[in-house]
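# Observations on chain architecture
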Amino acid sequence: AKEKNKGKMKLLFRTEKGVGRMENYEKALLYAYPALEGVIDAFDAVFLKRALDSYASGRTALSEAERLIEKIAEKDLYISLKLKLDRILEKFTPYERKHFSYKYFKDLPAEEYENFDAVSRAYFRRQQKLLLKFAKALERAGLTGEWFDRTCMKTDLFPELLRQRCQKRSCCLAAVIDCAVG
């Protein structure tokens, strides 16, 4: 079932303990996870280019410095987020991480999924349970929906990622990385 709440779409599903909520930000974090390292690495090249070509931007030195400081803060956010997500995902079993990998990360070779049942109803129920478990782990780590709106949605990466996911396009990580550091 779906519910509109304060203009945000929330997905509802049944668990043993009642109805659980899963906001879109949990999925956004999972989809963004494999791109975070590339985004972090790309920032260094962008910083150097902007510092060396600051005269070409047409901005004053002060405004260009302020812009670089904002990008440094954004890079720090991504580093912190990557470390927190690493710690959260380490607590899942290899089998559970394989489910995340299949649905969100797409980081394993096809041979890893040869005997992986991704079409049964049990798979979809398992995905829902894992997502709820991930959502609870995010909350315990202080990564709530409010935090996501306050921090991540102010960056370039997450609005673009959510826009692509909402349009149901396959997410091209290279395009998202370019958008995030550009």
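We now turn to the structure provided with this report. (Residues numbered from 1 in each chain as written. Predicted model: local features only at pLDDT ≥ 70, side-chain atom pairs only at ≥ 80, totals over all residues. Heavy atoms only, no water.)

A separate point is the overall build of the chain. When helices and strands are tallied, the chain shows 7 helices and 3 strands. Starting at the N terminus and ending at the C terminus, the chain contains elements arranged as β-β-β-α-α-α-α-α-α-α. Relative to its full complement of 182 residues, the chain shows a buried share of 38%. Within the chain, residue pairs in contact and separated by at least 24 positions form 63% of the contacts whose partners lie at least 6 positions apart. (Helix = DSSP H or I, 4+ residues; strand = E, 2+ residues; numbered from the N terminus. Buried < 20%, exposed > 50% of the residue type's maximum accessible area, 1.4 Å probe, protein only. Contact = heavy atoms within 4.5 Å.)

For the rest of this paragraph, the subject is the nonpolar core. Leu-81, Phe-100, Phe-134, Phe-148 and Phe-158 are the most contacted members of the largest nonpolar core, which totals 36 residues. When contributions to this core are tallied by element, the ones reaching two or more residues are helix H1 (24-52), helix H2 (61-90), helix H3 (94-105), helix H4 (121-140), helix H5 (145-150) and helix H6 (157-166). In terms of residues, this core owes the most to one element, H1, which gives 12 residues. Look past the residues within four positions of Phe-158 in its chain and what remains in contact with it is Ala-28, Leu-29, Ala-32, Tyr-78, Leu-81, Phe-148, Cys-152 and Met-153. (Core = buried A, V, L, I, M, F, W, Y, C linked by side-chain atoms within 4.5 Å.)

Our focus in this paragraph is H2. Think of an α-helix as 3.6 residues a turn; residues three or four steps apart then line up on the same face. With 30 residues, H2 should reach 44 Å at 1.5 Å per residue; the first-to-last C-alpha distance of 43 Å fits that figure. Every buried residue of H2 is listed here: Glu-64, Leu-68, Lys-71, Glu-74, Lys-75, Leu-77, Tyr-78, Leu-81, Lys-82, Leu-85, Ile-88 and Leu-89. (Expected span 1.5 Å × (residues − 1).)

Where H2 contacts H4, the axes come no closer than 10 Å and their chain directions differ by 130°. As the angle between them shows, H2 and H4 are arranged oblique. The crossing of H2 and H4 is right-handed. Contacts between H2 and H4 involve Leu-85, Ile-88 and Leu-89 from the first element and Phe-134, Ala-137 and Leu-138 from the second. Along the lines of polarity and charge, the residues of the contact of H2 with H4 split into 6 nonpolar, no polar and no charged. (Axes fitted to C-alpha atoms, helices over the stretch in contact; angles between N-to-C directions. Parallel < 35°, antiparallel > 145°, perpendicular 65-115°, else oblique. Left-handed = near helix turned anticlockwise from the far one by under 90°. Nonpolar A, V, L, I, M, F, W, Y, C, P; charged D, E, K, R; others polar.)

Turning our attention to the packing of aromatic side chains. Tallied over the entire structure, the rule returns 14 aromatic pairs. For the pair Tyr-102 and Tyr-123, a centre-to-centre distance of 6.0 Å together with 90° between the ring planes defines the contact as edge-to-face. Placement of Tyr-102 in helix H3 and of Tyr-123 in helix H4 is noted, with a sequence separation of 21 residues between them. Under the relative-accessibility criterion, Tyr-102 is labelled partly exposed at 30%. (Phe/Tyr/Trp six-rings, centres within 6.5 Å; stacked < 30°, edge-to-face > 60°.)

Quick look at the packing of H1 against H4 now. The N-to-C vectors of H1 and H4 enclose an angle of 95°; their axes lie 10 Å apart at closest approach. Our classification of the angle between H1 and H4 gives roughly perpendicular. Between H1, through Tyr-25, Glu-26, Lys-27, Leu-29 and Leu-30, and H4, the contact on the second element is made entirely by Leu-131, Phe-134, Ala-135, Leu-138 and Glu-139. Per-class residue counts for the contact of H1 with H4 are 7 nonpolar, no polar and 3 charged.

Here we take up H4. End to end, H4 covers 29 Å across 20 residues, agreeing with the expected 28 Å (1.5 Å per residue, within 8%). Taken residue by residue, H4 has Tyr-123, Gln-127, Leu-130, Leu-131, Leu-132, Phe-134, Ala-135, Ala-137 and Leu-138 as its buried positions. Phi turns positive, to about 85°, at Gly-142, one or two residues after H4.

Moving on: the pattern of salt bridges. Pairs can form between side chains of opposite charge whenever their charged atoms are close. Inspection of every chain in the model, using the stated rule, returns 6 salt bridges. A salt bridge links Lys-75 to Asp-44; the shortest N-O distance between them is 2.5 Å. Highlighted residues: Lys-75 in helix H2 and Asp-44 in helix H1, separated in sequence by 31 residues. Look at Lys-75 and you get buried, because its relative accessible area is 14%. Classification of Asp-44 as partly exposed rests on a relative accessible area of 42%. The salt bridge partner of Asp-156 is Lys-71, with a shortest N-O separation of 3.0 Å. Of the two residues, Asp-156 is situated in the loop between H5 and H6 and Lys-71 in helix H2; the sequence distance between them amounts to 85 residues. The class of Asp-156 is partly exposed, set by a relative accessible area of 32%. Counted as one network, the salt bridges with shared partners bring together Glu-37, Lys-82 and Asp-86. (Salt bridge = Lys/Arg side-chain N within 4 Å of Asp/Glu carboxyl O.)

All we've got here are geometric facts, nothing functional implied.
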